[in-house]
Amino acid sequence: MARVVVWAAHLALPLLGLWLLLSRPGADAIWQHNEAHFWLVLVVAAVNVAVGGAMSVAARRRGDGRLFLVSLVFLAAAGFLLAHALATPGVLIGHPNAGFDQAMAVGLIIGAVLAVASSLPLPGRITRWQLGLRIGLGLVLFAWIVLSLLDVPPLSSQTQIRDVEGPMVWAAWVAVALYVAAAIRFFILYRRAPGAVLISVVTAFALLAEAMVAVTLADKWRLSWWEWHLILTAAFLFVGYSAYVQYRREGSAAGLFDGIAAKETTRRIRRQYEDALEELVTALQASEAGAAPERLAARMAERFGLTEKQAEVLDRAAAALVAERELSERLGALVAVGERAKVGAGEDEFLRGARAAVEGSFGTVEIELIHDGRLESKPGALPLTVKGQLAGEVTIPEAARPELRQTLANQLSIGLENARLYGELSTLFRQYMSPDVAAALLADPDQAALGGRLVDVTALFADLRGFTTFSEAVEPGDIVEMLNRYHGVAVPCILDNGGTIVQFVGDALLALFNAPARQEDHEARAVRAALQMQEAVRGIAEGHPDWPRFRVGANTGPALVGNIGSELLRGFNAMGDAVNVAARLQTIAEPGQVVIGGATYDAVADRVSATPLGDLEVKGRRQTVRAYAVENLV
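These numbers come from a predicted model, not from an experiment.

### Focus: the side chain of Thr556
And step 1. Residue placement: Thr556 occurs in strand E7 (residues 549-565).
And step 2. Here the side chain of Thr556 touches Thr458 through a polar contact of 2.8 Å, side chain to side chain.
And step 3. One polar contact links Thr556 to Thr600, side chain to side chain, over a distance of 2.7 Å.
And step 4. The residues contacting Thr556, other than those within four sequence positions of it, are Val457, Thr458, His522, Glu523, Ala578, Ala599 and Thr600.

What follows is the structure in structure tokens.
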């Protein structure tokens, strides 16, 4: 904030000086030296035209409308200052005329319109008018100079004491307001994105407004009249000096005026730089992979006007970016390998996925495992271990850092050990419990603790009607064969529908839905599993008419679900009235029939065809149970 105050105070000094000169006529002395005026103003105008021309070239190269209009502001002011110098009386022409007096006022008025236009969010197509506007401004300026020097109407008339008189006074004050508005808008841009050249444009616009004031109020050849020449010189020198500082800082003239450019141009330039750097990175990666090296930095320097040192910096930046990108890719590959070592992933699946995950960043990775106690060792291979014992070797391209290669080998060892451990546990668990329960215990062993929680479940009971009688009449081997055949088709029906088989008790089985895994449609799953069971068993029973048939009961309600038993022996189970009712409904069902409770039916009523059995009394329960015999799914 202090800098802004100091800057504003310096801008106010010219106006203060003008006020002092105008308020004290005795101090506002006359100094008329035509030749000195001619040469001084001519040199300043020529330098200012060069500054405006440099801006114009930058605007054409960038294709930026704002920068183009700003360049026209300075070209108009500098051009008419040049016309003012050429029309100095007593040098090229014999007497003062309107071409000499009004040149600067006209140039500043034209510049004010262009200045306020440059501060507005103009459409991108303004760049299409560059040639036409340049030619138009050049023709107006050329005509003004010719008419002034030839001293022909309408510029041959001699004016009064001041350069600006009559209706042009109002145009001059409007121009002052336009310069102030443009300066304020550019200052807002500067606050958002500070830059030396941008603040110099703000200062120049403010000084052009002050010069317009001096042109309007000062009498010719007095000190106040000479002041606006100095103000214009300061405005152009300020922009030129800022561009010089920017050049010394960057070492290149390519982007001197980019700070003035519109947002669209800035984003486009940034994309061009990003594309160029990406192209350079790609070339470096290709050269490291064995392709012929290409000196792209020199080409980039030519495209963007960079110096030799900047091109070297670009080379180093690209090399650093390549290294950083490769490191990021390899670290990402290590993370991917760790993610693949998950519960349920087999050894072959893990190794295949790990190789695919690291191939893009590490190259081709070869993994050899010990088979029958033998391993073909390769030079440079890193060991893979399982439980501290050698299990194989991995060959990783040496392009990667040694620590990353070792880390990858360690990750592969951990994943391989986990895959084998999970395989052993899965084989052990899944032979004695439902896959859902096994997966839940592997993921969270704390679930094996004693205790439980209340959950809404659908319990499914199934047993063989007449099993006791059948058992008395056949050999034990025939009983085992029958049970294995029946359970062999019944179990998949339950598991495929997401059920958990809690226990087998002789010929009966208990399955739960919505525990331990949560299922929004557990009622429908249970009914579907029961019907599929009966259909599968029916195909077996047709070939064995003497075998008993399953009867199934299902019911929905809250139950205490968890591990029940002791610290030495426990089992996953469910207890509650809902489970007891399911067992009672199963005893009511006929062979080959599925009977469900009222809560289950209410949840699947629109998806099943069922026959109401009424409110039934069941053993061990005071209240009746609403039951339905399910025939099929709709």
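### Focus on the pattern of salt bridges
And step 1. According to the stated counting rule, one finds nine salt bridges in the structure shown.
And step 2. Between Lys220 and Asp101 there is a salt bridge, with the nearest N and O atoms lying 3.2 Å from each other. You can see Lys220 sitting in the loop between helix H8 (196-217) and helix H9 (223-250) and its partner Asp101 sitting in helix H4 (residues 98-101), a full 119 residues away along the chain. You'll find Lys220 and Asp101 in the same group, each marked buried.
And step 3. As a salt-bridge pair, Asp521 and Arg525 come within 2.9 Å of each other at their nearest N and O atoms.
And step 4. You can call Asp521 partly exposed: its relative accessible area is 28%.
And step 5. Note on Arg525: relative accessible area 24%, which makes it partly exposed.

### Let's talk about empty space enclosed by the protein
Where empty space is left becomes clear once a probe the size of a water molecule has been rolled over the atoms.
And step 1. For the structure on display, the rule yields one cavity of 30 Å³ or more.
And step 2. Considered as a void within the structure, the largest cavity measures approximately 40 Å³ in volume.
And step 3. Together, Glu366, Glu368, Glu376, Lys378, Ala381, Glu393, Val394 and Thr395 line the largest cavity.
And step 4. Taken together, the elements giving at least two residues each to the lining of the largest cavity come down to strand E1 (366-369) and strand E3 (389-395).
And step 5. The element best represented in the lining of the largest cavity is E3, accounting for three residues.

### Re unusual backbone geometry
And step 1. With omega at 5°, the peptide bond leading from Pro153 into Pro154 counts as cis.
And step 2. As for its placement among the helices and strands, Pro154 is situated in the loop between helix H6 (130-150) and helix H7 (168-192).
And step 3. Here the bond from Ala515 into Pro516 is cis, since omega is 0°, no more than 30 degrees from zero.
And step 4. Tracing the backbone through its elements, the reader meets Pro516 in the loop between strand E6 (508-513) and helix H18 (522-541).
And step 5. With a phi close to 70°, Trp221 is a non-glycine residue in the positive phi region.
And step 6. Turning to its location among the elements, Trp221 is positioned in the loop between H8 and H9.

### Description of the pairing of E7
And step 1. With 12 of 17 residues buried, E7 lies mostly within the body of the structure.
And step 2. Of the strand pairs in this sheet, E7 and strand E9 (residues 594-597) are connected by three bridges, and their pairing is parallel. Looking at E9, one finds that Ala554 is bridged to Ile596.
And step 3. With six bridges joining them, E7 and strand E8 (residues 570-575) adopt antiparallel strand pairing. Note that in E8 the partner of Val561 across the bridge is Ala574.

### Observations regarding the confidence of the model for the protein
And step 1. Looking at the protein, the pLDDT average stands at 78 and 75% of residues meet or exceed 70.
And step 2. Across residues 290-294, confidence stays below pLDDT 50; counting only partners more than four residues off in sequence or on other chains, it has three contacts.

### Comments concerning the packing of aromatic side chains
Here the distance between the centres and the angle between the planes together describe a pair of aromatic rings.
And step 1. Overall, the coordinates contain 12 aromatic pairs when judged by the stated rule.
And step 2. Between the aromatic rings of Phe74 and Phe205, the centroid separation amounts to 6.2 Å while the plane-to-plane angle is 20°, which identifies the pairing as stacked. Of this pair, Phe74 sits in helix H3 (residues 65-86) while Phe205 sits in helix H8, and the two are 131 residues apart along the sequence.

### Some words on H6
And step 1. Its 21 residues place the ends of H6 30 Å apart at the C-alpha level, agreeing with the 30 Å of an ideal helix rising 1.5 Å per residue.
And step 2. Within H6, burial applies to Gln130, Leu137, Leu141, Trp144, Ile145 and Ser148. Along the axis of H6, the buried positions cluster into a sector of 95°, meaning they face one direction only. For H6, the exposed residues set more than 90 degrees away from the buried face come down to Leu131, Gly132, Leu139, Phe142 and Leu150.

### A look at the environment of Arg551
And step 1. Its location among the elements puts Arg551 in strand E7.
And step 2. Distance in space between the C-alpha atoms of Arg551 and Asp463 is 5.8 Å, their sequence separation being 88 residues.
And step 3. In this structure Arg551 touches Phe461, Ala462, Asp463, Arg465, Gln534, Gln586, Thr587, Ala589, Glu590, Pro591 and Gln593, once residues within four positions along its chain are discounted.
And step 4. In terms of polar contacts, Arg551 uses its side chain to reach the side chain of Asp463, at 2.8 Å.
And step 5. At 3.1 Å, the side chain of Arg551 and the backbone oxygen of Thr587 are in polar contact.

The rules behind these values
Residues numbered from 1 in each chain as written. Predicted model: local features only at pLDDT ≥ 70, side-chain atom pairs only at ≥ 80, totals over all residues. Heavy atoms only, no water. Helix = DSSP H or I, 4+ residues; strand = E, 2+ residues; numbered from the N terminus. Polar contact = N/O pair within 3.5 Å; in protein donor to acceptor, adjacent residues only side chain to side chain. Contact = heavy atoms within 4.5 Å. Salt bridge = Lys/Arg side-chain N within 4 Å of Asp/Glu carboxyl O. Buried < 20%, exposed > 50% of the residue type's maximum accessible area, 1.4 Å probe, protein only. 1 Å grid on protein atoms, 1.4 Å probe; cavity = no way out; pocket = protein on both sides within 12 Å on 5 of 7 lines; lining within 4 Å. Points joined across faces, edges and corners; volume = space filled by probe spheres on them. Pairing = 2+ DSSP bridges. pLDDT = per-residue confidence, 0-100. Phe/Tyr/Trp six-rings, centres within 6.5 Å; stacked < 30°, edge-to-face > 60°. Expected span 1.5 Å × (residues − 1). Arc of directions from axis to C-beta.

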